[in-house]
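Here is how the chains run, residue by residue.
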Amino acid sequence: MSFEIRKIGVVGAGQMGCGIAQVSAAAGFEVLLNDVSPERIEAGIARIAANLGRLVERGGMAPADKDETLARIRPAADFAALADADLVMEAASENEEVKRAVFTSLCNHLKPEAILATNTSSISITRLASVTNRPGRFIGIHFMNPVPRMQLVELIRGIATDDDTFAASRVYIEKLHKTVTVSEDFPAFIVNRILLPMINEAIYTLYEGVGSVDAIDTAMRLGANHPMGPLQLADFIGLDTCLSVMQVLHEGLADSKYRPCPLLVKYVEAGWLGRKTQRGFYDYRSGAPIPTR
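Residues numbered from 1 in each chain as written. Predicted model: local features only at pLDDT ≥ 70, side-chain atom pairs only at ≥ 80, totals over all residues. Heavy atoms only, no water.

### Notes on the overall build of the protein chain
Logical step 1: When its secondary structure is counted, the protein chain shows eleven helices and ten strands.
Logical step 2: Computed over C-alpha atoms, the radius of gyration of the protein chain comes to 19 Å, within 12% of the 19 Å expected from 2.2 N^0.38 for 293 residues, which places it in the range of a compact globule.
Logical step 3: Looking at the protein chain as a whole, 48% of its 293 residues are labelled buried.
Logical step 4: Considering only intrachain contacts with a sequence separation of at least 6, the fraction spanning at least 24 residues in the protein chain is 65%.
Logical step 5: Accessible surface for the protein chain amounts to roughly 13,400 Å². Of this, 53% is attributable to carbon and sulfur atoms.
Logical step 6: Counting 30 positive and 34 negative side-chain charges, the protein chain places the averaged centre of each group 3 Å from the other. (Helix = DSSP H or I, 4+ residues; strand = E, 2+ residues; numbered from the N terminus. Rg over C-alpha atoms; globule rule 2.2 N^0.38 Å. Buried < 20%, exposed > 50% of the residue type's maximum accessible area, 1.4 Å probe, protein only. Contact = heavy atoms within 4.5 Å. Areas by Shrake-Rupley, 256 points an atom, 1.4 Å probe, with all protein chains shown as cover. Lys, Arg positive; Asp, Glu negative; His and termini not counted. Charge placed at Lys NZ, Arg CZ, Asp CG, Glu CD.)

See the structure below:
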């Protein structure tokens, strides 16, 4: 293969970006972590250090490996600092305008052969690639949340993605000891095309009074053997992200079965976005999750 990925740039030091930076550094890649402010980058690196510390405590990593992993992660104050990266992963919020703005600013700073990837969970890879100066070097690499624990990565080619880009991206994922599944470039790809309508249906079940939050989550945990209930999972993902994926499905496929539940819209309008805001389908402010309906 003609192109090898050695140095990774990550744009976005939130939960997903930090997870991608952590697993990449642990696998031996040099990582440059970027966000809109030095404070956010520092907070991201501190989060990674804390995650690695917990791994060491549980016996999942040697202290020396933790130190080596952290040493491979360096702050990138601006896009110019990503100039020598072989692969740049965008992990900004799930908002197409935000992502397009990132790509428009970022592209001119990258070397011509660099691969540009998006961690979008739902947005068209072809459409995002069209705003860049390298559609052939653009690809969807969708990690699952939380990145260090989840085994799967969806690899999505846009209509213009080169074979070499796809091959190099697959090798990168395999070096992380994760499993690749290949999806066509349709709204929400495979996992979220199936998962989010199920969560949306659980919210409709609550909205229509079929069951309470506790009844619905207990039913799916014990009746379908899911590790967590769909409303608990929605809070973990973020209700704003759930809504944006449902909107992408609804607009992209024009099928009423993907209509976001009005109750989901109401929670997002209230700013009750789940765990990250301490309130969603559960209230987390007391420490123990309490159902809000």
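We are not done yet, so read on.
### Focus on the nonpolar core
Logical step 1: In this structure, Ile5, Ile8, Ile20, Leu87, Ile141, Phe143 and Tyr172 are the most contacted members of the largest nonpolar core, which totals 35 residues.
Logical step 2: Per-element tally for this core: the top contributor is helix α1 (residues 15–26), with six residues.
Logical step 3: Ranked by size, the runner-up nonpolar core spans 26 residues in total, among them Leu196, Val213, Leu233 and Val245. (Core = buried A, V, L, I, M, F, W, Y, C linked by side-chain atoms within 4.5 Å.)

### Section: the UniProt feature "domain: 3-hydroxyacyl-CoA dehydrogenase NAD binding" (unreviewed entry) in the protein chain
Logical step 1: Mapped onto the present numbering, the UniProt feature "domain: 3-hydroxyacyl-CoA dehydrogenase NAD binding" (unreviewed entry) falls on residues 7–185.
Logical step 2: Each end of residues 7–185 is marked by a C-alpha atom, and these two atoms are 26 Å apart; helix forms 39% of the span and strand 22%. (UniProt positions renumbered as here; feature names shortened; annotations may be inferred.)

### Thoughts on the packing of helix α7 (residues 191–207) against helix α11 (residues 262–269)
Logical step 1: Contact pair α7 / α11: the axes reach a minimum separation of 8 Å and the direction vectors enclose 95 degrees. Between α7 and α11, the crossing angle belongs to the class labelled roughly perpendicular. Across the interface between the two elements, Asn200, Ile203, Tyr204, Leu206 and Tyr207 of α7 pack against Pro262, Leu263 and Leu264 of α11.
Logical step 2: Grouping the amino acids of the contact of α7 with α11 by side-chain chemistry returns seven nonpolar, one polar and no charged. (Axes fitted to C-alpha atoms, helices over the stretch in contact; angles between N-to-C directions. Parallel < 35°, antiparallel > 145°, perpendicular 65-115°, else oblique. Nonpolar A, V, L, I, M, F, W, Y, C, P; charged D, E, K, R; others polar.)

### Examining the sheet that holds strand β8 (residues 179–183)
Logical step 1: Pairing within the open sheet is mixed, and its eight strands lie in the order β3-β2-β1-β4-β5-β6-β7-β8. In this open sheet, the two strands that pair with only one neighbour each are β3 (73–76) and β8. Between one strand axis and the next, the sheet turns through 25 degrees on average, direction left out of account. (Pairing = 2+ DSSP bridges.)

### A look at the pairing of strand β7 (residues 152–157)
Logical step 1: The sheet contact formed by strand β6 (residues 138–143) and β7 spans five bridges and is antiparallel. Within β7, the position partnered with Ile141 by the bridge is Leu155.
Logical step 2: The pairing of β7 with β8 spans five bridges and is classified as parallel. Its bridge partner lying in β8, Val153 is registered against Val180.

### Remarks on the pattern of salt bridges
Logical step 1: Using the criterion set out here, one finds 17 salt bridges in the structure.
Logical step 2: As a salt-bridge pair, Asp84 and Lys7 come within 2.7 Å of each other at their nearest N and O atoms. In this pair, Asp84 is assigned in the loop between β3 and β4 (87–90) and Lys7 in strand β1 (residues 7–11), connecting sequence segments 77 residues apart.
Logical step 3: Judged by relative accessible area, which is 39%, Asp84 ranks as partly exposed.
Logical step 4: A salt bridge links Glu90 to Lys99; the shortest N-O distance between them is 2.6 Å.
Logical step 5: If you follow the salt bridges from partner to partner, you end up with Lys7, Glu30, Arg74 and Asp84 in one network. (Salt bridge = Lys/Arg side-chain N within 4 Å of Asp/Glu carboxyl O.)

### Brief notes about α11
Logical step 1: Listing the buried residues of α11 in full gives Leu263, Leu264 and Tyr267. For α11, the buried positions fall inside an angular range of 105 degrees around the axis, keeping them on one side. Exposed residues pointing more than 90 degrees away from the buried face of α11 are listed as Lys266 and Glu269.
Logical step 2: Phi turns positive one or two residues past the end of α11, at Gly271, with a value near 80 degrees. (Arc of directions from axis to C-beta.)

### Structural notes on the packing of α7 against helix α9 (residues 230–237)
Logical step 1: Where α7 meets α9, the closest approach of the two axes is 9 Å, and the angle between their N-to-C directions is 120 degrees. Pair α7 / α9 crosses with left-handed handedness. Where α7 approaches α9, its residues Leu195, Met198, Ile199, Ala202, Ile203 and Leu206 are matched on the opposing element by Pro230, Leu231, Leu233, Ala234 and Ile237.
Logical step 2: Within the contact of α7 with α9, the residues separate by chemical class into eleven nonpolar, no polar and no charged. (Left-handed = near helix turned anticlockwise from the far one by under 90°.)

### Details of the environment of Asp84
Logical step 1: Taking the C-alpha atoms as reference points, Asp84 and Glu208, 124 residues apart in sequence, are found 54 Å from one another.
Logical step 2: If near-sequence neighbours (up to four positions away) are discounted, Asp84 is found in contact with Lys7, Leu32 and Lys111.

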